[in-house]
There are 2 protein chains.
Amino acid sequence: MNHLVIMAGGIGSRFWPMSRPENPKQFIDVLGVGRTLLQLTIDRFGEEFSPENIWVVTSNKYASKVAEQLPSVPKDNILLEPCMRNTAPCIAYVTWKIKRVDPDATLVISPADHFVVNINEFRRVIRQGISFVKGSSNVLTLGMFPTRPDTGYGYIQAGDEISGSDICYVKAFKEKPQLPVAKQYLSDGGYYWNAGLFIWDAATAEAAMRLFEPEIAMLFDNMSAHFGTDKEEKTVDELFPQCRSISIDYAIMERMSGKNISLRGMNAGVYVLPSDFGWSDLGTWGSLYMQLDRDSMGNAIVGEENVRLIESNDCIVRASGDLKMVIQGLDGYIVADDNGTLLICKKNEEQRIKQFSESFNK
Amino acid sequence: MNHLVIMAGGIGSRFWPMSRPENPKQFIDVLGVGRTLLQLTIDRFGEEFSPENIWVVTSNKYASKVAEQLPSVPKDNILLEPCMRNTAPCIAYVTWKIKRVDPDATLVISPADHFVVNINEFRRVIRQGISFVKGSSNVLTLGMFPTRPDTGYGYIQAGDEISGSDICYVKAFKEKPQLPVAKQYLSDGGYYWNAGLFIWDAATAEAAMRLFEPEIAMLFDNMSAHFGTDKEEKTVDELFPQCRSISIDYAIMERMSGKNISLRGMNAGVYVLPSDFGWSDLGTWGSLYMQLDRDSMGNAIVGEENVRLIESNDCIVRASGDLKMVIQGLDGYIVADDNGTLLICKKNEEQRIKQFSESFNK
């Protein structure tokens, strides 16, 4: 069976004050469409996955938010991390859970807080990816066609195409580059943004974890003895924090790519499927601005009924609903309120939002 | 006896969103000093007036605010207008009330929402003014030395000084002038801002009202038959609205100045005492800005504990306490929140605040 795994444990610090550790962006209706990003993520996959095959891994402090926002997902499929250990332990947890109930599972792993424009193309890509990996020991990452030399993403360097397919072998994973390097990637071609979307069999995931992160694998072997019992929570609370904190990219993808490796008795490779379904990680106010409708003055507003803009251009305004805003004469600013906090800053200073968000801690 | 009369019925629309009809500026701690403008006004007069000789005329919807903010003022001294009829009926009301209990009263009449820097000089001027009018049928206005050609004030044109005194006969009252006229006033000299502060005997006020506004005088004759009885409120609610709406300046001051008039069997004149005690009517955000301390970047902040300014200059920020504000990169703006409404506008557009305040009515 195909299983959908949503990683929903992030804290979204770059979207302050809308997004905060108590209520990060995946749980917020960022786009003002009446659905949170988590809900939109599930919606996007549509009926390709039945609810009992949808899994959400999140921090235990968000358990009730997930259950509330996704009432159709079984409670037992909401996995709670007692602490943040990055994505490798997160994926190990859900892999060990799923392989108990479905050893032949294929896992589609997705962040909870991204945005996709063309959902039909997205579903086509997912279906193509599932059929590519199923029964093999390959892992397939989805590579986003880069539209600008963004220094906020990791890049996937593609090698040759598999003959008769648009799927390529992965030459290398590249960390967030400096601007000249990012520009070089774009002019060279064959580089794709790493969106954190990938597909592999649960058996491949397990085998890769045993090979590259044997300690994490051992900890989950110990935990899984109690899965489905009333000791599960206690054991996870005790052993999960012993996992080292490491991303799935560092732990497995990078080590597995560009090498001759065998998993499950088969040649194992890392592949990339260049994808063009209009993607945004909504990682910043600026990237949200790109996705929202704008008025004739270039202003993007979420929560329009509470905002009046006068002689203002190129602003992004997000009104939580707690505050009515009358704004005159702003050009190129972010104005956002949430939870009794207001941020006003220049749009081109948004990379400093984390700093701004700490203003009241000093 | 000397009586202090505070006119506290204004609605302060130019200070939106801090000041609104439900809670206008005289009832607000505009300066962030822990006392409202009404309280500061009473404080300013000090112990020159005992509480039973302090009177507040306000709208009946502000009755509880006045009582709460001025606990020492007797409840019976808080006079409630059932509707707004400008200052002439307001002053008639309090005059008819006071003359019943103290026919020899001298009245010092003051707005509730102004600001004075030099309180000692202010008190000296008030004492001088009282002794000038007491027992005479003169009215003395306090004229503020103009520091700029402000077009937001009326001007008092002074004539000759009374010999041996700095008090001048008033030649004319001038309405709010156009800028070239205001500039001419300043270069000519002998023109003073009309601050709405004046002093006269209650008997003079009564006689002037009978002469210039006999209808209003008659209405109060009828009302005063019920003063001190349980029919007072009902009678005032019924007859007060029948008064025509007119300012004391139009109704009496202008008509009385520059003429040979007799009141109480004596020559009656209008005089001005040029005063220099550092006055502001705090009529606009800009005039508030002038009175507040500013940081090294020229920012004036009320509610500092809830505001963090980064790379911002020449701003005036007023945080109500409901909202924490982080503001980056603003130059010359007003940012103010109150009651769930936020205003951001350029400081030099503040004359349009009334328009901005109506944004949500459309």
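Before going further, it helps to examine the relation of the copies chain B and chain A. Turning chain B through 179° and shifting it by 0.1 Å along the axis lays it on chain A, with an RMSD of 0.1 Å. Taken together, the rotation and translation describe the operation of a two-fold axis.

Let's shift gears to helix α9 (residues 248–256) of chain A. Residues and elements named next belong to chain A. Among all positions in α9, only I248, A251, I252, M253 and M256 are buried. Across the axial projection of α9, the buried residues extend over an arc of 135°, all falling on one side. One or two positions beyond α9, positive phi appears at G258, with a value near 70°.

One pass over the structure, following the stated rule, counts 38 aromatic pairs over all chains. A ring pair is formed by Y93 of chain B and F227 of chain B, whose centres lie 5.8 Å apart and whose planes are at 40°; its orientation type is tilted. Of this pair, Y93 of chain B sits in helix α3 (residues 87–101) while F227 of chain B sits in the loop between α7 (214–224) and α8 (232–239); the two residues are 134 residues apart in sequence, bridging distant segments of the chain. Since its relative accessible area comes to 3%, F227 of chain B is described here as buried. Taken together, the aromatic side chains of Y93, W96, F220, F227 and F240 of chain A make up a single cluster linked through ring pairs. The positively charged end of K347 of chain A is found above the aromatic ring belonging to Y289 of chain A, 3.6 Å away from the centroid. Above the plane of the ring of Y289 of chain B lies R294 of chain B, whose end atom (NZ or CZ) is 4.7 Å from the centre.

Across the sheet, 6 strands lie side by side as β15(A)-β17(A)-β19(B)-β18(B)-β16(B)-β14(B); this open sheet has mixed pairing. This sheet does not close on itself; its edge strands, each paired only once, are β15 (307–310) of chain A together with β14 (300–302) of chain B. Ignoring strand direction, the axes of neighbouring strands in this sheet form an average angle of 5°. Where β15 of chain A and strand β17 (residues 324–328) of chain A come together, 4 bridges link them in parallel fashion. Looking at the pairing, L309 of chain A lines up with I327 of chain A of β17 of chain A.

All right, on to the pairing of strand β6 (residues 139–144) of chain B then. Residue and element names in this part refer to chain B. Here β6 lies mainly inside the structure; 6 of its 6 residues are buried. Along β6, one buried face is formed by V139, T141 and G143 and the opposite face, lined by L140, L142 and M144, is buried too. Bridge analysis of β6 against strand β12 (residues 270–275) gives 6 bridges, and the strand direction is parallel. Paired with G143 across the two strands is P274, which belongs to β12. Of the strand pairs in this sheet, β6 and strand β9 (residues 191–201) are connected by 4 bridges, and their pairing is antiparallel.

Procedures and definitions
- Residues numbered from 1 in each chain as written.
- Chains lettered and ligands numbered in written order.
- Predicted model: local features only at pLDDT ≥ 70, side-chain atom pairs only at ≥ 80, totals over all residues.
- Heavy atoms only, no water.
- Least-squares fit on C-alpha atoms with pLDDT ≥ 70 in both.
- Buried < 20%, exposed > 50% of the residue type's maximum accessible area, 1.4 Å probe, protein only.
- Helix = DSSP H or I, 4+ residues; strand = E, 2+ residues; numbered from the N terminus.
- Arc of directions from axis to C-beta.
- Phe/Tyr/Trp six-rings, centres within 6.5 Å; stacked < 30°, edge-to-face > 60°.
- Lys NZ or Arg CZ within 6 Å of the ring centre and 35° of its normal.
- Pairing = 2+ DSSP bridges.
- Axes fitted to C-alpha atoms, helices over the stretch in contact; angles between N-to-C directions.

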